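Coordinate analysis (summary)
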Amino acid sequence: MVDLKGQYAKIKDQVDQSVLDVIASSAFINGPEVHAFQKELEEYLDVKHVIPCANGTDALQIAMMGLGLKPGDEVITADFTFAATVEVIALLQLTPVLVDVEKDSFNIDPEAIRKAITPKTKAIVPVHLFGQCANMDAIQEIAKAHNLYVIEDNAQAIGASYTFADGSVKKAGGIGHVASTSFFPSKNLGCYGDGGAIFTNDDDLAHTIRGIVNHGMYKRYHHDVVGVNSRLDSIQATILRAKLPNLDAYNAARQMTAYKYTEAFKGSDKIITPKTTQLCGKPEKGGCNCHVYHQYTLRVVNVDRDALVQHLNDNGIPCGVYYPIPLHLQKAYKDDRYNEADFPVTNQLVKEVISLPMHTELEDDQIAFITKTVLDFVNG
Ligand SMILES: *Cc1c(COP(=O)(O)O)cnc(C)c1O
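This one's a predicted model, so the numbers in the text were calculated from it and none came from an experiment.

Turning to its location among the elements, threonine 373 is positioned in helix α12 (residues 364-378). For threonine 373, the residues in contact, after removing those within four places along its chain, are His311, Leu312, Asn315 and Ile317.

Right, dumping it as structure tokens:
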């Protein structure tokens with residue numbers, strides 16, 4: 001699914017040297033590399049504050065802690081996403097309220113959000129799934145109207161941008177009150193271990209969060225709030241510093257691969273290729289970043305999806321099903337309040353989706369082999 005070795009080979013000299021330099025410096029925790037990365041990412045994202053932490057799941061949890069959400073507060077998020085999002089809501093004893101998604105974008109459905117709002121609702125967590133922003137025009141409007149926090153789960157869309165109806169453009173993660181991201185190795189900006197970060201433009205919230213990630217300390221050995229220990233280490237930070245200047249090029253390579261996949265599948269009536277919800281032409285370097293293709297996810301109709309997975313695997317092609325089970329049907333997150341009739345899209349998508357190999361190093365002959373193998377199967 002990903003080719004981390006191939007990507008590493010292209011930046012090996014720089015990465016190796018900077019890792020050796022960190023080791024020589026012995027500044028492993030909170031060292032200058034972490035601060036430098038923080039500043040560089042703030043500049044790249046055009047957000048006031050980046051607070052690095054240990055992983056993307058922590059980042060979500062800490063964002064919610066920073067907002068002061070309390071047990072019983074309801075937090076609305078998508079039924080069709082990675083479990084981390086709902087996991088931290090539940091861990092903090094907030095009440096997760098899962099809602100359905102849109103068929104075309106796979107992202108949280110604003111109408112479903114509207115219907116789920118109660119007097120207890122405190123926050124919405126849009127997940128920018130597979131590399132494309134949720135409908136932030138509608139979500140920001142709903143949040144304003146109901147006085148709700150917007151926490152963007154930006155683990156899959158770093159580097160993506162969103163163009164609002166009024167023409168203004170913001171980077172994913174710089175739109176809501178606070179956002180989280182992950183530097184897990186396979187993400188669009190991945191380190192060589194675990195890492196994550198929280199972003200916000202709110203000075204007070206940034207201050208609160210900086211204490212929370214460090215045991216609730218704002219002054220050494222004075223613990224004002226219950227915090228956690230969640231840090232990005234200097235070795236990961238120096239690797240991320242080497243990769244950040246390449247992020248736009250990495251995303252452009254993903255977009256080019258997506259474009260080639262989509263072209264190859266154009267004639268098939270059994271394959272629905274991923275839709276960009278915003279205008280996006282042929283990706284050019286520095287062009288439209290409305291979708292950064294963390295995953296390239298097809299829907300197949302009148303095709304046995306699981307047999308297609310098997311066929312691809314038999315031909316040595318890795319593929320993934322993200323996600324095979326709706327969160328509202330997971331044992332850990334089942335709730336009597338949910339009604340199957342409220343999740344028609346998620347219940348359909350889990351049967352139809354398949355994600356093809358997507359990374360920065362895919363060659364044309366590989367793309368041709370993958371698309372031919374998929375088409376041979378669906379055309380039977
Ligand atoms: C990867 C991911 C996370 C969690 O990130 P980790 O760094 O693995 O903890 C959270 N949300 C989404 C949508 C993700 O894809």
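For the rest of this paragraph, the subject is the domain arrangement of the protein chain. By convention, interface size is frequently given as the accessible area that disappears when the constituent parts associate. Splitting the protein chain by domain gives domain 1 (4-99 + 106-245) and domain 2 (247-379). For domain 1 and domain 2, the distance between their C-alpha centres works out to 24 Å. Each partner contributes to the interface: domain 1 provides 41 residues, whereas domain 2 provides 33 residues. Counting the surface lost from both domain 1 and domain 2, the interface buries some 3,200 Å², and carbon and sulfur atoms represent 54% of this. There are 2 salt bridges connecting domain 1 and domain 2. Across the salt bridge formed by arginine 337 and glutamate 74, the nearest N and O atoms sit 4.0 Å from each other. Inspection of the domain 1/domain 2 interface yields 22 residue pairs in polar contact (both at pLDDT 80 or more). Contributions of two or more residues to the side of domain 1 that touches domain 2 are made by α1 (4-25), β2 (74-78), α4 (84-91), β3 (95-99) and β6 (161-163).

Looking now at the sheet that holds strand β13 (residues 296-300). Within a sheet, each strand pairs with its neighbour through backbone hydrogen bonds, oriented either parallel or antiparallel. Read from one edge of the open sheet, 3 strands run β12-β13-β14, paired in antiparallel fashion. Each having just a single partner strand, β12 (271-272) and β14 (353-356) make up the two edges of the open sheet. Note that β12 and β13 share 2 bridges and pair antiparallel. The residue of β13 that forms the bridge with isoleucine 272 is arginine 299. Along the sheet, helix α10 (residues 305-314) makes contact with β13 and β14, crossing β14 at roughly 20°. Sitting on the sheet, helix α11 (residues 344-352) is in contact with β13 and β14, with an inclination near 100° to β13.

Another aspect to go through is the packing of helix α2 (residues 32-45) against helix α8 (residues 234-243). It is at 8 Å that the axes of α2 and α8 come closest, and there the two elements cross at 40°. Classified by the interaxial angle, the pair formed by α2 and α8 is oblique. Seen from above, α2 lies across α8 with left-handed handedness. Contacts between α2 and α8 involve Glu33, Val34, Ala36, Phe37 and Glu40 on the former and, on the latter, Ser234, Ala237, Thr238, Leu240 and Arg241.

Further remarks concern the packing of helix α3 (residues 56-66) against helix α7 (residues 203-212). Viewed as axis vectors pointing N to C, α3 and α7 meet at an angle of 125°, and their least axial separation amounts to 9 Å. Between α3 and α7, the crossing angle belongs to the class labelled oblique. Crossing hand, α3 versus α7: right-handed. Judged by residue contacts, Ile62, Ala63, Met65 and Gly66 of α3 engage Leu205, Thr208, Ile209 and Ile212 from α7.

Parameters and conventions
- Residues numbered from 1 in each chain as written.
- Predicted model: local features only at pLDDT ≥ 70, side-chain atom pairs only at ≥ 80, totals over all residues.
- Heavy atoms only, no water.
- Helix = DSSP H or I, 4+ residues; strand = E, 2+ residues; numbered from the N terminus.
- Contact = heavy atoms within 4.5 Å.
- Domains from an automatic or database assignment.
- Buried area = accessible area lost by both parts, 1.4 Å probe.
- Salt bridge = Lys/Arg side-chain N within 4 Å of Asp/Glu carboxyl O.
- Polar contact = N/O pair within 3.5 Å; in protein donor to acceptor, adjacent residues only side chain to side chain.
- Pairing = 2+ DSSP bridges.
- Axes fitted to C-alpha atoms, helices over the stretch in contact; angles between N-to-C directions.
- Parallel < 35°, antiparallel > 145°, perpendicular 65-115°, else oblique.
- Left-handed = near helix turned anticlockwise from the far one by under 90°.

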